[in-house]
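Listed here are the chains, written in short residue letters.
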Amino acid sequence: MDESHDPHLKSWVPGANTSQAGFPIQNLPYCRLRKAGSSQPRAGVRIENHILDLTESFSIESVHTILSLPKAERVALRRRISAFLTAYTPGAERYLIPVEDVELMLPADIGNYTDFFASLEHATNVGSLFRPGSPLQPNYKWVPIAYHGRASSIVISGTPIRRPWGQIAQNREGPPVFAPARRLDYEVEVGALIGPGNALGEPISVHQALDHVVGLCLLNDWSARDIQTWEYQPLGPFLSKSFATSISPWIVTIEALEPFRRAPRPRPPSDPQPLAYLQGGGYDAFDIQLELWLRSSRMEEAMLVSRASFATMYWTLAQMVAHHTSNGCPMRPGDLIGSGTVSGPEKENRGCLLEMTSGGAEPLVLPDGATRAFLEDGDEVILRGWCEAPGLAKISLGECRGTVLPARPAAA
Ligand code: CA
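Let us look at the structure shown here. (Residues numbered from 1 in each chain as written. Predicted model: local features only at pLDDT ≥ 70, side-chain atom pairs only at ≥ 80, totals over all residues. Heavy atoms only, no water.)

Let us look at the coordination of the calcium ion. For the calcium ion, every protein donor is listed as Asp115 (OD), Glu187 (OE), Glu189 (OE) and Asp221 (OD), and the spread of their distances is 2.2 to 2.3 Å. On the basis of relative accessible area, Asp221 is assigned to the buried category, the value being 0%. (Donors = N, O, S within 2.8 Å, 3.2 Å for Na, K, Ca; no water. Buried < 20%, exposed > 50% of the residue type's maximum accessible area, 1.4 Å probe, protein only.)

Structure representation (structure tokens):
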């Protein structure tokens, strides 16, 4: 850690030291934005309720430039930005824009997207619904499971999500129907934006893996469970996931999260130790608090549905990156990794409705008495995430929101 982590550090930016929003000078997440009346995307960094325009002030052309930097240069850039926002230089305020005056875009051009399945509790809870009696596949504790997602349908927080059509099985014998999904769900996840990456054929070791992660965001892997149930064997999810994935606009850097790194949750003694290439990451878990809020079109205020900590994951981000590249598969700046649904041991920790309602058998009861087995049209889903500990500045990951739109009408 360096001076940019000092919890007593103050900024000259108006309102920056109140830390109401969780974006104090110790956070400094990157974002991509457009100014009102301009079509030109810019790189920015958020400080409380302002964005510092990095394209104007630091001549950084794009967020991609930052993502491509080697770790040491990335750390140096953060220290320079921190110093710029700490010691006032006359005229520096001309580079600030109020956050409400910018259009936030996807933080990067995401070239590739892979979604893991790293929570043991999520895998067990979902597995027991799909395969009662043998919820966990025999490979689960050996190999970090993932599927290749679709980068083209990743959208920024706030983008409405249209209910997808798909093939849905009616019963065991009859043919499926092609219809709007009825079992639409969210998944509470953390996303990792990849930095420099590796050349084809050159794996990244578990020890160096986090040098290749620039920062984290919130991710909602929208899922159509009825489409998924019919299509997922033998090659995994496909159209049940690829219609939309929402992410939050802030790349909260690994450097900002440094004070919240923890030893991963110990494996029970009866579990196998990971194979050597997945061992020895050290303090690779991140103590990020996650909450899922739901608001139907008839509710004024959203209700809290679940909460969990990212530190409870069975596989760490470092293990995911090491495993992903272990066959020589290259990762590039702007690639995105999803952690998989973050669930924990208690019912209140279940990170999707499939788990929370036991496959729809125990619906949620909303404050107005309505029930939810799965999402209905007009429902808004809000993920929130932050890090907090005594003596440290609160580091927010912001929010990731999306509202469900009705399915397109049937073709005539
Ligand atoms: Ca997922």
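From this point, the discussion proceeds with the structure in view.
Here helix H3 (residues 71-86) is 16 residues long and its end C-alpha atoms lie 23 Å apart, about the 22 Å a rise of 1.5 Å per residue gives. Within H3, burial applies to Arg74, Leu77, Arg78, Ile81, Ser82, Phe84 and Leu85. Seen end-on, H3 carries its buried residues on one side only, within an arc spanning 160°. (Helix = DSSP H or I, 4+ residues; strand = E, 2+ residues; numbered from the N terminus. Expected span 1.5 Å × (residues − 1). Arc of directions from axis to C-beta.)

Attention now goes to the pattern of salt bridges. Tallied over the full model, the rule gives 27 salt bridges. As a salt-bridge pair, Arg42 and Asp53 come within 2.8 Å of each other at their nearest N and O atoms. Taken together, the residues span a long stretch of sequence, with Arg42 in strand E2 (residues 42-47) and Asp53 in strand E3 (residues 50-53) at a distance of eleven residues. Both residues of the pair, Arg42 and Asp53, belong to the buried class. Salt-bridge contacts for Glu399 lead to Arg401; the nearest nitrogen and oxygen are separated by 2.7 Å. Using a relative accessible area of 26% as the deciding quantity, one classes Glu399 as partly exposed. (Salt bridge = Lys/Arg side-chain N within 4 Å of Asp/Glu carboxyl O.)

Taken in spatial order, the five strands line up as E9-E26-E25-E20-E21 in an open sheet, and their pairing is mixed. Edge positions in the sheet fall to strand E9 (161-162) and strand E21 (303-309), since each has one partner strand and no second. With eight bridges joining them, strand E25 (residues 380-387) and strand E26 (residues 395-405) adopt antiparallel strand pairing. Bridging from a neighbouring strand, Val381 pairs with Gly402 of E26. (Pairing = 2+ DSSP bridges.)

Next up on the list: the sheet that holds strand E5 (residues 102-105). Spatially, E4-E3-E2-E1-E5 is the arrangement adopted by the five strands of the open sheet, whose pairing is antiparallel. The sheet is open, and its two borders are formed by strand E4 (96-98) and E5, each paired with just one other strand. Going across the sheet, the axis of each strand differs from the next one's by a mean of 45°, ignoring polarity. Sheet analysis places E3 next to E4, joined by three bridges and oriented antiparallel. Across the sheet, the residue bridging to Leu52 is Leu96, located in E4. (Axes fitted to C-alpha atoms, helices over the stretch in contact; angles between N-to-C directions.)

Both faces of strand E6 (residues 113-116) are covered, namely the face carrying Tyr113 and Asp115 and the face carrying Thr114 and Phe116. The pairing of E6 with strand E7 (residues 146-148) spans three bridges and is classified as antiparallel. Paired with Phe116 across the bridge in E7 is Ala146.

This next bit is on the side chain of Arg225. Here Arg225 is to be found in helix H5 (residues 225-231). Beyond its immediate chain neighbours, meaning those up to four positions away, Arg225 contacts Arg183, Asp185, Tyr186, Glu187, Lys241, Cys352, Leu354 and Phe374. (Contact = heavy atoms within 4.5 Å.)

You can see Val404 is positioned in strand E26. Once the C-alpha coordinates of Val404 and Ile382 are considered, the two residues, 22 residues apart in sequence, prove to be 12 Å apart. Setting aside its immediate chain neighbours within four residues, Val404 contacts Ile161, Arg163, Leu184, Trp222, Leu375, Glu376, Asp377, Gly378 and Asp379.

This brings us to the nonpolar core. In summary, soluble globular proteins display a tendency toward joint burial of nonpolar side chains. Counting residues in each nonpolar core, the largest one holds 73 residues, and the members touching the most others are Leu216, Phe310, Ile337 and Leu375. Here this core gets five residues from one element, more than from any other, and that element is helix H7 (residues 317-325). Excluding anything up to four places from it in sequence, Ile337 contacts Thr114, Phe116, Val190, Gly191, Ala192, Ile194, Leu317, Met320, Val321, His324 and Met331. Grouped together as the second largest cluster of nonpolar side chains are 37 residues, Tyr30, Leu69, Ile81 and Leu193 included. (Core = buried A, V, L, I, M, F, W, Y, C linked by side-chain atoms within 4.5 Å.)

Here E2 lies mainly inside the structure; six of its six residues are buried. Covered by surrounding structure in E2 are Arg42, Gly44 and Arg46 together with Ala43, Val45 and Ile47, the residues of both alternating faces. With four bridges connecting them, strand E1 (residues 30-35) and E2 associate as antiparallel partners. Residue pairing for E2: Cys31 is matched across the bridge by Gly44. Taken together, E1 and the strand that follows it, E2, pair antiparallel across an intervening segment of six residues, in which Gly37 is found at a positive phi of about 80°. A loop of two residues connects E2 with E3, the two strands running antiparallel in sequence, and Glu48 in this loop sits at a positive phi of about 45°.

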